[in-house]
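Here is how the chains run, residue by residue.
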Amino acid sequence: MARRFVDLSIALEVGVPSDPPGMEPKITYTRHADSVPQMARSFPGLTAEDLPDGEGWAVETVTISTHNGTHMDAPWHFHSTTDHGARPAPAIDETPLDLCLRPGVKLDFRGLPDGYVATAADVEAELARIGHALQPLDIVLVNTRAGSVFGQPEYIHAGCGMGREATLYLTERGVRVVGTDAWSWDAPFSHTARRWAEDRDPKIIWEGHKAGREIPYWQMEKLSNLEALPAFGFEVACFPVKIKGASAGWTRAVAIFED
């Protein structure tokens, strides 16, 4: 049986509006013709004439946050403790690997307005629409409008978010890994900030993330190509880079189909 892969990850690149101003990745590229002096440090006397076509190596210097690009947040990102304060929240290097290769389920929330906070009822209704009963350790991916405007200035303001009760609806049923094509699992900050200015209710701040205080879960952000996926019938592979004690790790998320 042949396997088909769908890349669910964005590339790290400069000049693309993928994060709020000042939080974007920075990449310096050293091309083959420019790296000969670097190579010569290990081989004194080496010149460009000594190398095939006068070329050394290509190498990049990257300055990024663990939350740039497609990445997975660990429970440590949300809060210092989990399980209602019973234990320290796991960091990304403590992610159980068996969570990261599991059947995938896609919730299509592209029709929900920007800034909307999805509820448990929204999740339940979408599962009923697609005819899927959640299984423990399903990886749940949320397809929002944000995916269609990635790379545009409006991206960080686009898409719905997942609220506390929607998140707990998933985690109470054994889901431990989720993902979204939006900048955040929660509603875009610009929309939440307007609600905050009106009523100063602190419970709306990062409410989806903070649900991890109660039940630990891992979430991917800035996924891509979710519109290419069916509602279910595929696996998701999403192993995070292992960074000691970190709140997140970059992830090459992939959907796998057995055709």
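In the block above lies the structure referred to throughout.
Bear in mind that the values here come from a model prediction, so they are computed numbers and not experimental data.

S.K.: Please clarify how the packing of aromatic side chains should be interpreted in this entry.
M.R.: Each aromatic ring pair is characterised by the separation of its centres together with the angle its planes make. For the coordinates displayed, the defined rule picks out five aromatic pairs. Geometrically, the ring pair formed by Trp 183 and Phe 189 is edge-to-face, given 5.5 Å between the ring centres and 85° between the ring planes. Among the residues examined, Phe 189 registers a relative accessible area of 44% and is labelled partly exposed. In this arrangement the basic side chain of Arg 4 is found over the ring face of Phe 257, its NZ or CZ atom lying 4.2 Å from the centre. Between Arg 173 and the ring centre of Tyr 169, over which it is positioned, the NZ or CZ distance is 3.6 Å.

S.K.: I would appreciate a short explanation of the state of the cysteines in the present structure.
M.R.: In a disulfide, the sulfur atoms of two cysteines are covalently bonded to one another. What the rule picks out here adds up to zero disulfides. Not engaged in a disulfide, the cysteine Cys 100 finds its nearest cysteine sulfur in Cys 238; these two sulfurs lie 4.7 Å apart. A residue is classified by how much of its surface remains accessible, and Cys 238, at 0% relative accessible area, is buried.

S.K.: Honestly, helix 3 (residues 120–130) in this entry has me stumped. Any pointers?
M.R.: Three- or four-residue spacings in an α-helix give side chains the same orientation, since the helix completes a turn every 3.6 residues. For helix 3, the full list of buried residues reads Ala 120, Asp 122, Val 123, Glu 126, Leu 127 and Ile 130. For helix 3, the angular spread of buried residues about the axis comes to 160°, placing them on one side. When the buried face of helix 3 is taken as reference, the exposed residues oriented beyond 90 degrees from it are Ala 121, Ala 128 and Arg 129. On the buried face of helix 3, the contacting elements are strand 7 (101–108), strand 8 (117–118), strand 10 (161–162), helix 4 (164–171) and strand 13 (232–237).

S.K.: Would you mind going over the side chain of Glu 126 with me for this structure?
M.R.: Relative to the elements of secondary structure, Glu 126 occurs in helix 3. Its relative accessible area of 6% is what places Glu 126 among the buried residues. Polar side-chain contacts of Glu 126 include one of 2.8 Å to the side chain of Arg 129. Not counting residues up to four positions away in its chain, the partners in contact with Glu 126 are Lys 106, Leu 107, Asp 108 and Phe 109.

S.K.: Explain the pattern of salt bridges to me, please; I cannot follow it from the model alone.
M.R.: Any two side chains of opposite charge can pair if their charged atoms end up close together. In total, this model carries 13 salt bridges according to the counting rule given. Arg 145 is the salt-bridge partner of Asp 114, the closest N and O atoms lying 2.8 Å from each other. Taken together, the positions of Asp 114 in the loop between strand 7 and strand 8 and Arg 145 in the loop between strand 9 (139–143) and strand 10 put the pair 31 residues apart, joining distant regions of the chain. For Asp 114, a relative accessible area of 28% translates into the label partly exposed.

S.K.: Can you help me understand the environment of Leu 141 in this one?
M.R.: As for its position among the elements, Leu 141 is in strand 9. In the structure, Leu 141 is positioned 136 residues away from Phe 5 in sequence and 16 Å away in space, judged by C-alpha atoms. The residues touching Leu 141, leaving out its near neighbours within four places in the chain, are Leu 8, Val 105, Lys 106, Leu 107, Gly 179, Met 220, Leu 223, Leu 226, Leu 229, Phe 234 and Val 236.

S.K.: Teacher, can you tell me more about the sheet that holds strand 12 (residues 218–221) here?
M.R.: Strand pairing in a sheet relies on backbone hydrogen bonds, with the paired strands running either antiparallel or parallel. Strands sit in the order 1-15-13-7-9-11-12-4-14 across an open sheet of nine strands; the sheet is mixed. In this open sheet, the two edge strands, each paired with only one partner strand, are strand 1 (3–7) and strand 14 (248–250). Each neighbouring strand pair of the sheet contributes to a mean axis angle of 30°, computed without reference to strand direction. As defined by bridge partners, strand 4 (residues 71–73) adjoins strand 12 across three bridges and the pair is classed as antiparallel. Each residue of the ladder has a partner; that of Asp 73, found in strand 12, is Gln 219. Here helix 3 sits on the sheet in contact with strand 7 and strand 13, set at roughly 100° to strand 7.

S.K.: Would you mind showing me how to read the layout of surface pockets here?
M.R.: Sizing a probe to match a water molecule and rolling it over the atoms shows the empty space that remains. Estimates place the volume of the largest pocket at around 240 Å³. If you trace the largest pocket, you find 16 residues lining it, with Met 23, His 67, His 77, Trp 183 and Glu 221 closest to the centre. Looking at the lining of the largest pocket residue by residue, the classes come out as four nonpolar, seven polar and five charged.

S.K.: Help me out: how do you make sense of the environment of Val 14 in this one?
M.R.: Looking at the secondary structure, you find Val 14 in the loop between strand 1 and strand 2 (26–30). Here Val 14 falls in the partly exposed class, since its relative accessible area comes to 41%. Excluding residues that lie within four positions of it along the chain, Val 14 makes contacts with Pro 25, Lys 26 and Ile 27.

S.K.: Where do I start with the side chain of Glu 221 in this structure?
M.R.: Here Glu 221 is to be found in strand 12. One polar contact links Glu 221 to His 71, side chain to side chain, over a distance of 2.9 Å. Among the polar contacts listed, one links the side chain of Glu 221 to the side chain of His 209, at a separation of 3.3 Å. Glu 221 has contacts with Gly 69, Thr 70, His 71, Asp 73, Thr 180, Ala 182, Trp 183, Ser 184, Trp 185 and His 209, leaving out every residue within four places of it along the chain.

What counts and how
Residues numbered from 1 in each chain as written. Predicted model: local features only at pLDDT ≥ 70, side-chain atom pairs only at ≥ 80, totals over all residues. Heavy atoms only, no water. Phe/Tyr/Trp six-rings, centres within 6.5 Å; stacked < 30°, edge-to-face > 60°. Buried < 20%, exposed > 50% of the residue type's maximum accessible area, 1.4 Å probe, protein only. Lys NZ or Arg CZ within 6 Å of the ring centre and 35° of its normal. Disulfide = S-S within 2.5 Å. Helix = DSSP H or I, 4+ residues; strand = E, 2+ residues; numbered from the N terminus. Arc of directions from axis to C-beta. Contact = heavy atoms within 4.5 Å. Polar contact = N/O pair within 3.5 Å; in protein donor to acceptor, adjacent residues only side chain to side chain. Salt bridge = Lys/Arg side-chain N within 4 Å of Asp/Glu carboxyl O. Pairing = 2+ DSSP bridges. Axes fitted to C-alpha atoms, helices over the stretch in contact; angles between N-to-C directions. 1 Å grid on protein atoms, 1.4 Å probe; cavity = no way out; pocket = protein on both sides within 12 Å on 5 of 7 lines; lining within 4 Å. Points joined across faces, edges and corners; volume = space filled by probe spheres on them. Nonpolar A, V, L, I, M, F, W, Y, C, P; charged D, E, K, R; others polar.

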